[in-house]
Amino acid sequence: MKFINKLFLLLSSALIVTSCDSSSSLTSSSTTSIDDTSVKYVSKWGDEYAETIISNLGVDLPYIENKGFDLELTTDNYGDPLVCIYVYEYDDKTSEDLTIEYASICQNEGYLITSGQESAFDENYNIITYTIYYADGWINDVDAIEIQFLEGMHNGKYALGIFAYNYVHYDTNKWPTNIVNRLLGHDIPSLYVEGYTYYAELLVDDEGYQYAYISIENAYDTSEEEYKQILINNGYLIDNSEYDEYGYFAFPGQQSEYQDHGIQFKHSYGYGLEIYIMPM
């Protein structure tokens, strides 16, 4: 579950929102075109913003008619790109009207729309309750986009606030083959038990190298030895020399089809079975 802490002056003061796991496949909302020499980005929000939106999110964002908006690129608490658009009220269009209209626009473009009530403190430490909308869609078999939007205030003006970022999607009831495939180009031996809940991420370490993280929080304490045996049966070599601190390390043996990765795994109470997959 991803948390964003983004300042947006509402009828409250701060926005803390979470991503949804459910989403739907999008219609073709990216208008990227490719010629022989370069990639040309085109967006309904304007050519000056096209590259910012599409190069960071993979698709264009649903567009709403307006008479003025600001767009900025920042990062969320995880260091990932976060595209922010503030669409200002105009004529008889209030920020509430714009928010409801934007939900309909996103839904028509194939996004799954949900909403919820959130609470925050205003500048006088009074609790304010507000409605936030979530629009989720799948870009491909791994990448998804979430757009979180709500009415509020920016630069002293009432506005519809739109906040968009990418995340990876997968079936939490199955081993995340698509995530591993994205990292390595192939899967690795998996541990599947009916009833287990899987969590997966593609992450980047401090040196800029990508790796996959899989957590099975409700895995039995025997799952560590079960997974070790699965790897041994598939020709992996097991290193337990630093087990107490790091758990097991596993590397493909000479007869293994793929020699391009290492696996670290350990079971602990509170975290379940944690698996790290690192390209080599």
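As shown above, the structure is provided for reference.
Let me begin by describing the structure that accompanies this report. (Residues numbered from 1 in each chain as written. Predicted model: local features only at pLDDT ≥ 70, side-chain atom pairs only at ≥ 80, totals over all residues. Heavy atoms only, no water.)

### Some details on the overall build of the protein chain
Looking only at helices and strands, the protein chain features five helices and 17 strands. Buried residues in the protein chain amount to 44% of all 280 residues. Carbon and sulfur atoms make up 47% of the accessible area of the protein chain, which totals about 14700 Å². (Helix = DSSP H or I, 4+ residues; strand = E, 2+ residues; numbered from the N terminus. Buried < 20%, exposed > 50% of the residue type's maximum accessible area, 1.4 Å probe, protein only. Areas by Shrake-Rupley, 256 points an atom, 1.4 Å probe, with all protein chains shown as cover.)

### Here we look at the side chain of Ser223
In this structure, Ser223 sits in helix 4 (residues 223-233). Ser223 sits in the buried class, given a relative accessible area of 0%. The contacts of Ser223, once residues within four sequence positions are left out, are Leu191, Tyr196, His267 and Leu273. (Contact = heavy atoms within 4.5 Å.)

### Considering the packing of aromatic side chains
Taken as a whole, this structure holds 17 aromatic pairs when the rule is applied. A ring pair is formed by Trp45 and Tyr63, whose centres lie 4.9 Å apart and whose planes are at 75°; its orientation type is edge-to-face. Taken together, the residues span a long stretch of sequence, with Trp45 in the loop between strand 5 (39-40) and helix 1 (47-57) and Tyr63 in the loop between helix 1 and strand 6 (69-75) at a distance of 18 residues. Their ring planes at 70° and their centres at 6.4 Å tell us that Tyr199 and Tyr213 sit as a pair that is edge-to-face. Separated by 14 residues along the polypeptide, Tyr199 in strand 12 (residues 198-204) and Tyr213 in strand 13 (residues 210-216) bring together distant segments of the chain. By relative accessible area, Tyr213 is classed as buried at 10%. The structure contains a cluster of three or more aromatic residues connected by ring pairs, namely Trp175, Tyr198, Tyr227, Tyr243, Tyr248 and Phe265. (Phe/Tyr/Trp six-rings, centres within 6.5 Å; stacked < 30°, edge-to-face > 60°.)

### Regarding the pairing of strand 11 (residues 157-168)
Judged by how many residues are buried, strand 11 sits mostly within the fold: nine of 12 residues are covered. In terms of strand pairing, strand 7 (residues 81-88) meets strand 11 through six bridges, oriented antiparallel. Paired with Val87 across the strands is Leu160, a residue of strand 11. Looking at chain direction, strand 10 (residues 143-154) and strand 11 are connected through 12 bridges and run antiparallel. Bridged to Ile145 within strand 11 is Asn166. (Pairing = 2+ DSSP bridges.)

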